[in-house]
Amino acid sequence: EVIKQHAQATIDILGGIQWPWPLKEIAGQHHERLDGKGDPRGLAGEAIPIPSRIMMIADIYSAMIQDRPYRKAIFSREALRQLFVDMEKQCDQRLIQMLIKEIGIFPAGAVVKLANGEVAVVAERRDNSASPLVYTFLNAQGLPTLAPMRRETSRKEATIQSMASISSYPACLSMVRNIWLQEGKAR
């Protein structure tokens, strides 16, 4: 019930603020669904503006990949699959395809396990969204690497086998942070 009321609360909060574009309406419609089964007004199809549809998809995706009091987060790859397959009547499929193209199946920051047993963090998406550039932080024996190793996941031995959660590797958080700092300097 609180979730249903939050779209209207968004409209109420933003109603008193002057914006150069219709932010109140866009944000207030992010719980609408293309099939008309959303909140707060039950808008359907073309009655939901594109900016609201974008916010809708971003809201659903971000909710899926974060822990909630009633369930654990799911990995981004599964969230994108659910958006594309399970929610095809509720969400604009063209926009979901654009999201997948933009962030990739394995978005930057995702922790992944490789075919060779190493654990790595995704540094950047590539044209082939299933083969991002990664840097390892654990070797095949599960030990921290002396230095992060760049891996091309398009190569057979470094293909991504599964996603993992950084919370499974709390001792490696500073190493992953350093990978990000170094990767940022390289750009």
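Residues numbered from 1 in each chain as written. Predicted model: local features only at pLDDT ≥ 70, side-chain atom pairs only at ≥ 80, totals over all residues. Heavy atoms only, no water.

Student: Account for the packing of helix H3 (residues 50–64) against helix H4 (residues 76–86), with residues named and values stated.
Tutor: Contact geometry for H3 and H4: axes closest at 9 Å, N-to-C directions at 140°. If you check the angle between H3 and H4, you find them oblique. In this structure, H3 meets H4 at a crossing whose hand is right-handed. Of the residues in H4, those touching H3 at Ile-57, Ile-60, Tyr-61 and Met-64 are Ser-76, Ala-79, Leu-80, Gln-82 and Leu-83. (Axes fitted to C-alpha atoms, helices over the stretch in contact; angles between N-to-C directions. Helix = DSSP H or I, 4+ residues; strand = E, 2+ residues; numbered from the N terminus. Parallel < 35°, antiparallel > 145°, perpendicular 65-115°, else oblique. Left-handed = near helix turned anticlockwise from the far one by under 90°. Contact = heavy atoms within 4.5 Å.)

Student: Can you explain the environment of Val-111? Please cite residues and give values.
Tutor: Topologically, Val-111 is positioned in strand E1 (residues 111–114). Val-111 gets classed as buried once you look at its relative accessible area, which sits at 4%. In sequence terms Val-111 and Met-163 are 52 residues apart; their C-alpha atoms lie 5.9 Å from each other. Aside from chain neighbours lying at most four places away, what touches Val-111 is Val-119, Ala-120, Val-121, Phe-137, Met-163, Ala-164, Ile-166 and Tyr-169. (Buried < 20%, exposed > 50% of the residue type's maximum accessible area, 1.4 Å probe, protein only.)

Student: Please give an account of H4 that cites residues and values.
Tutor: Turning to H4, its buried residues are Ser-76, Ala-79, Leu-80 and Leu-83. All buried residues of H4 project into a common sector of 100° when viewed along the axis, lining one side. Contacts from the buried residues of H4 go to H3, helix H5 (93–103) and strand E5 (160–164). (Arc of directions from axis to C-beta.)

Student: I'd like a rundown of the environment of Gln-93, residues and numbers included.
Tutor: Take Gln-93: it is sitting in helix H5. Distance in space between the C-alpha atoms of Gln-93 and Val-176 is 33 Å, their sequence separation being 83 residues. Residues contacting Gln-93, with those up to four places away along its chain left out, are Leu-83, Phe-84, Met-87 and Glu-88.

Student: Now, about the side chain of Thr-145: what can you tell me, with residues and values included?
Tutor: Inspection of the secondary structure puts Thr-145 in strand E4 (residues 144–152). Among all residues touching Thr-145, those that are not within four sequence positions of it are Thr-136, Phe-137, Leu-138, Asn-139 and Met-175.

Student: Which residues make up the nonpolar core, and what values go with them?
Tutor: Within the largest apolar cluster, 15 residues are counted, with the highest numbers of intra-cluster contacts made by Ile-57, Ile-60, Met-64, Leu-83, Met-87 and Cys-91. Of all elements in the fold, only H3, H4 and H5 reach the threshold of two or more residues within this core. Setting aside anything within four residues of it in sequence, one finds Met-64 in contact with Arg-71, Ala-73, Ile-74, Ala-79, Gln-82, Leu-83 and Met-87. One finds Val-121, Tyr-135, Leu-138 and Met-175 within the second-largest nonpolar core, a separate group that totals 14 residues. (Core = buried A, V, L, I, M, F, W, Y, C linked by side-chain atoms within 4.5 Å.)

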